[in-house]
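If you want the building blocks of each chain, they are given just below.
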Amino acid sequence: MIQPTRRHLLHASAAMATTALAGRALAQGSCAVPTRDVQAAISPDAALQRLREGNARFVAGQPIQCDLRAQVRASAGGQAPFAAVLGCIDSRVPPELVFDQRLGDIFAARVAGNFVNDDILGSLEFATQLAGARLIVVLGHTECGAIKGAVDNAKLGHLTGLLAQIRPSLERLDYRGTPSSKDKALVQRVAERNVQDAVTRLNAAPVLAALVKAGQLRIVGAMHDVATGRIGWQV
C-alpha cells in the first residue's frame with residue numbers, strides 16, 4: 001500500500017478547503033462577494049443550479065437579504081462573477097433580480113432582443129476567458145417588444161438594423177402566412193428560436209468553444225415568463 005506523502009496530504013487539504021469554500025458561497029443565504037478562489041471552485045453545472053435556486057426564491061418572494069453597502073466595500077478591489085447573462089433591456093427582466101443575485105455575482109449584457117453580435121460576443125469572451133465566469137445564460141422572455149418588432153418587420157431609425165438581426169430566427173421557422181405580432185404563439189416561437197440561435201452562435205465561437213470543450217464553461221438558453229417571474233430552461 002502506498003503511503004501518502006506530506007505533499008499529497010497538503011494538496012488534499014487545500015482541495016478540500018477550496019471545495020468547502022465554494023460550498024459556502026453556493027449555500028442559500030450567503031452574502032459573501034465571490035472571490036477568485038470561490039469562482040474557480042464552482043463548476044458550470046453548480047453555477048446553473050445556483051441560478052435555478054435563485055429564480056425559485058424570486059418566484060416565491062423569498063429573496064436573500066444582504067447589506068449591499070457592505071458588498072460595495074467588499075467588491076471594490078475586484079470582481080469574480082460566477083456567471084454571465086445575455087438578456088433583453090426589458091424593464092421587467094433584470095437579471096440580478098429574477099435570479100436573486102447581488103453585487104459581484106453575475107455579468108449582465110443587455111440588448112433589445114437578447115441577440116448576439118460581435119460586441120456582445122466580445123463582452124462574453126471577456127466575462128469568461130479573462131474574468132472567469134463559468135456559465136453563460138441567454139435569457140429571452142415572453143411578450144418581447146423587440147421580437148414583436150422583428151415579426152412585423154418594423155422600421156424606425158437605428159432600430160431597423162437591430163431588428164434585422166432578430167428576423168432570421170423568424171425565417172428559420174416553418175411558418176406559413178403573413179407574420180404578425182398579434183399571433184402570440186408565433187411571437188413566443190420566435191422568441192424561443194432567437195434564444196436557441198444565440199446559444200448556437202456562442203457555442204460556435206472559438207474562444208468560448210474551447211472553454212466548453214475543456215469543461216470550464218457551459219452555455220444555456222432560458223425563457224422568462226413576465227406574468228409569473230418563472231424561468232424555463234432550454235437544457
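Residues numbered from 1 in each chain as written. Predicted model: local features only at pLDDT ≥ 70, side-chain atom pairs only at ≥ 80, totals over all residues. Heavy atoms only, no water.

Our focus in this paragraph is the packing of aromatic side chains. Within the structure shown, the criterion is met by two aromatic pairs. Summarising the aromatic geometry, the rings of Phe99 and Trp233 are spaced 5.9 Å apart at their centres and angled 40 degrees between planes, so their arrangement reads as tilted. Taken together, the positions of Phe99 in the loop between helix H5 (95-98) and strand S2 (106-110) and Trp233 in strand S5 (residues 231-234) put the pair 134 residues apart, joining distant regions of the chain. For Phe99, a relative accessible area of 0% puts it in the buried group. Here Trp233 falls in the buried class, since its relative accessible area comes to 18%. On the numbers, 5.9 Å between centres and 75 degrees between planes, the contact of Phe107 with Phe126 is edge-to-face. Taken together, the positions of Phe107 in strand S2 and Phe126 in helix H6 (residues 118-130) put the pair 19 residues apart, joining distant regions of the chain. For Phe107, a relative accessible area of 15% gives the class buried. (Phe/Tyr/Trp six-rings, centres within 6.5 Å; stacked < 30°, edge-to-face > 60°. Helix = DSSP H or I, 4+ residues; strand = E, 2+ residues; numbered from the N terminus. Buried < 20%, exposed > 50% of the residue type's maximum accessible area, 1.4 Å probe, protein only.)

Turning our eyes to something else, we now look at the pairing of strand S3 (residues 135-141). Within S3, seven of the seven residues are buried, leaving the element largely enclosed by the surrounding structure. In S3, alternate side chains face the same way, and those of Leu135, Val137, Leu139 and His141 on one face and Ile136, Val138 and Gly140 on the other are all buried. Looking at chain direction, strand S1 (residues 83-87) and S3 are connected through four bridges and run parallel. Bridge pairing in S3 places Leu86 opposite Val138. Strand direction decides the pairing type here: S3 and strand S4 (residues 218-224), joined by seven bridges, are parallel. The residue of S4 that forms the bridge with His141 is His224. (Pairing = 2+ DSSP bridges.)

Moving on, we get to the state of the cysteines. Across all of its chains, the model carries one disulfide by this definition. Disulfide pairing places Cys31 opposite Cys66 at an S-S distance of 2.0 Å. As the torsion about the S-S bond is roughly -85 degrees, the Cys31-Cys66 disulfide counts as left-handed. Of this pair, Cys31 sits in the loop between helix H1 (6-26) and helix H2 (36-41) while Cys66 is found in the loop between helix H3 (44-60) and helix H4 (68-75), placing the two residues 35 residues apart along the sequence. Looking at Cys31, the relative accessible area reads 29%, which means it is partly exposed. Cys88 forms no disulfide, and the closest cysteine sulfur to it belongs to Cys144, at a distance of 4.0 Å. Overall, Cys144 belongs to the buried group, its relative accessible area being 1%. (Disulfide = S-S within 2.5 Å.)

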